[in-house]
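A look at the structure
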Amino acid sequence: MMGQITPLTGYLLVAALVFSIGLAGALTRRNAILVLIGIELMLNAANLNLIAFWRYGPHPELLTGMIFAIFSIAVAAAEAAVGLGLVIQIHRHARTTDLDAINRMKG
Amino acid sequence: MSLIFYLLAALTVAGALAAMLLKNTVHCALALTAAFAGLALLFLNLDAQFAGFAQILVYIGAVAILVVFAILLTRGSETPQGGVFSRTWLVGLTAASAVFAVLGWAVVASAPLLPTAITPATAATSATAATPAPAVTVEQIGRALVGRYVLPLEVVAVLLTVALIGAVIVAMHEKEEAK
């Protein structure tokens, strides 16, 4: 089982590592922008999985994994724009982006 | 596994780690750009040219700039007192480690079932010879986008329009109230 690492296994392990780093950052950082950065890293790790399975899967000519990753990139860009807009608005309201200090939903 | 894969994987993981560990938020944004670049190069290494260049354009070109804008607009580069990590950092770290343990175990345990698994019969050939690269042209991707995947494409178009308008409205709301 622990023989030579195949290419697909290597990519999956890298994706798992990046996903876990992003999750750790999203759960532990205090700055709201860095939490968003962690979420972006997690989305990117998922994209790497999709592309790796597309490349080494049985039917690459159907393009399923690649198209899925392209749509995922588009959705992630929209999410980043809205998320950072929200962070800027919260900063205007609360004068901070520290998530430990933002503890009220009512402005 | 080739040397180039290990180099790109090291660049990506190091960039991600630095983005989550550095104190100065602007440095974090720079490390994030390095991680995005490493991921784009990994996509190119996987023969996914279109996705790789889309990654460079969208993430390095747009998302990284947006992040830098947000950091500068919120003066986020100042290190707060009490450290950059939340009070409950131990819980978050434990959860992330558990997730990585489960993911890594799943990948390693299912390695023999994956499409390119090396069986003793094929070890001599498949260990060295890589799977032939799928020849995918941009024309094929375009035809797939307006053919088989036309409905998701339209949904993404609506989503991007909504996100554009929504982000502007969210960011401008207070100005209207002030007037």
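Let me sum up the structure you'll find in this document. (Residues numbered from 1 in each chain as written. Chains lettered and ligands numbered in written order. Predicted model: local features only at pLDDT ≥ 70, side-chain atom pairs only at ≥ 80, totals over all residues.)

Below, the discussion takes up unusual backbone geometry. The phi torsion at Leu-63 of chain A lies on the positive side, around 65°, for a residue other than glycine. Looking at where Leu-63 of chain A falls in the secondary structure, it is placed in the loop between helix H2 (32–56) and helix H3 (64–94). With 22 C-beta atoms packed within 10 Å, Leu-63 of chain A lands in the buried category. Despite not being glycine, Asp-47 of chain B has its phi angle at roughly 65°, a positive value. For Asp-47 of chain B, the position within the fold is in the loop between helix H2 (25–45) and helix H3 (49–73). (Helix = DSSP H or I, 4+ residues; strand = E, 2+ residues; numbered from the N terminus. Buried ≥ 20, exposed ≤ 12 C-beta atoms within 10 Å, placed from the backbone.)

Residue-level contacts link 76 residues of chain B with 69 residues of chain A. If you list the elements that add at least two residues to the side of chain B that touches chain A, you get helix H1 (3–21), H2, H3, helix H4 (89–109), helix H6 (138–146) and helix H7 (150–178) of chain B. Here the residues of the side of chain B that touches chain A sort into 60 nonpolar, 13 polar and 3 charged. (Contact = placed C-beta atoms within 7 Å. Nonpolar A, V, L, I, M, F, W, Y, C, P; charged D, E, K, R; others polar.)

As a further point, take the environment of Leu-13 of chain A. Residue and element names in this part refer to chain A. Here Leu-13 is to be found in helix H1 (residues 7–28). Exposure remark for Leu-13: the 18 C-beta atoms within 10 Å place this residue in the partly exposed category. A C-alpha to C-alpha distance of 9.3 Å links Leu-13 and Asn-49, two positions 36 residues apart in sequence.

All right, on to the nonpolar core then. Residues Ile-51 of chain A together with Leu-32 and Val-67 of chain B are the most contacted members of the largest nonpolar core, which totals 74 residues. When contributions to this core are tallied by element, the ones reaching two or more residues are H1, H2 and H3 of chain A together with H1, H2, H3, H4 and H7 of chain B. If you tally residues by element for this core, the top one is H2 of chain A, at 16 residues. (Core = buried A, V, L, I, M, F, W, Y, C linked by C-beta atoms within 7 Å.)

On to the environment of Leu-8 of chain B, then. Residue and element names in this part refer to chain B. Tracing the backbone shows Leu-8 in helix H1. Take Leu-8: there are 21 C-beta atoms within 10 Å of it, and that puts it in the buried class. Residue contacts for Leu-8: discarding those within four places in its chain leaves Gly-38, Leu-41, Leu-42 and Asn-45.

Turning to H3 of chain A, a few remarks are in order. Taking 1.5 Å per residue, 31 residues should reach 45 Å; H3 of chain A reaches 44 Å between its end C-alpha atoms and fits that length. Following H3 of chain A by one or two positions, Arg-95 of chain A adopts a phi angle in the positive range, close to 60°. (Expected span 1.5 Å × (residues − 1).)

A word on the packing of H1 of chain A against H2 of chain A. Residue and element names in this part refer to chain A. Across the interface, H1 lies against H2 with an axial gap of 7 Å and an inter-helix angle of 165°. With respect to H2, the axis of H1 lies roughly antiparallel. Handedness of the H1/H2 crossing: left-handed. Residues belonging to the contact of H1 with H2 are distributed by class as follows: 21 nonpolar, 5 polar and no charged. (Axes fitted to C-alpha atoms, helices over the stretch in contact; angles between N-to-C directions. Parallel < 35°, antiparallel > 145°, perpendicular 65-115°, else oblique. Left-handed = near helix turned anticlockwise from the far one by under 90°.)

Moving on: the packing of H1 of chain A against H4 of chain B. One way to put it is that H1 of chain A packs onto H4 of chain B with a least axis distance of 8 Å and a crossing angle of 165°. When the axes of H1 of chain A and H4 of chain B are compared, the pair comes out roughly antiparallel. In the crossing of H1 of chain A with H4 of chain B, the sense of the turn from one axis to the other is right-handed. Taking contact as the criterion, the partners of Thr-9, Leu-12, Leu-13, Ala-16, Leu-17, Phe-19, Ser-20, Leu-23, Ala-24, Leu-27 and Thr-28 of chain A in H1 of chain A are, on H4 of chain B, Trp-89, Gly-92, Leu-93, Ala-95, Ala-96, Val-99, Phe-100, Leu-103, Gly-104 and Val-107 of chain B. Within the contact of H1 of chain A with H4 of chain B, the residues separate by chemical class into 16 nonpolar, 5 polar and no charged.

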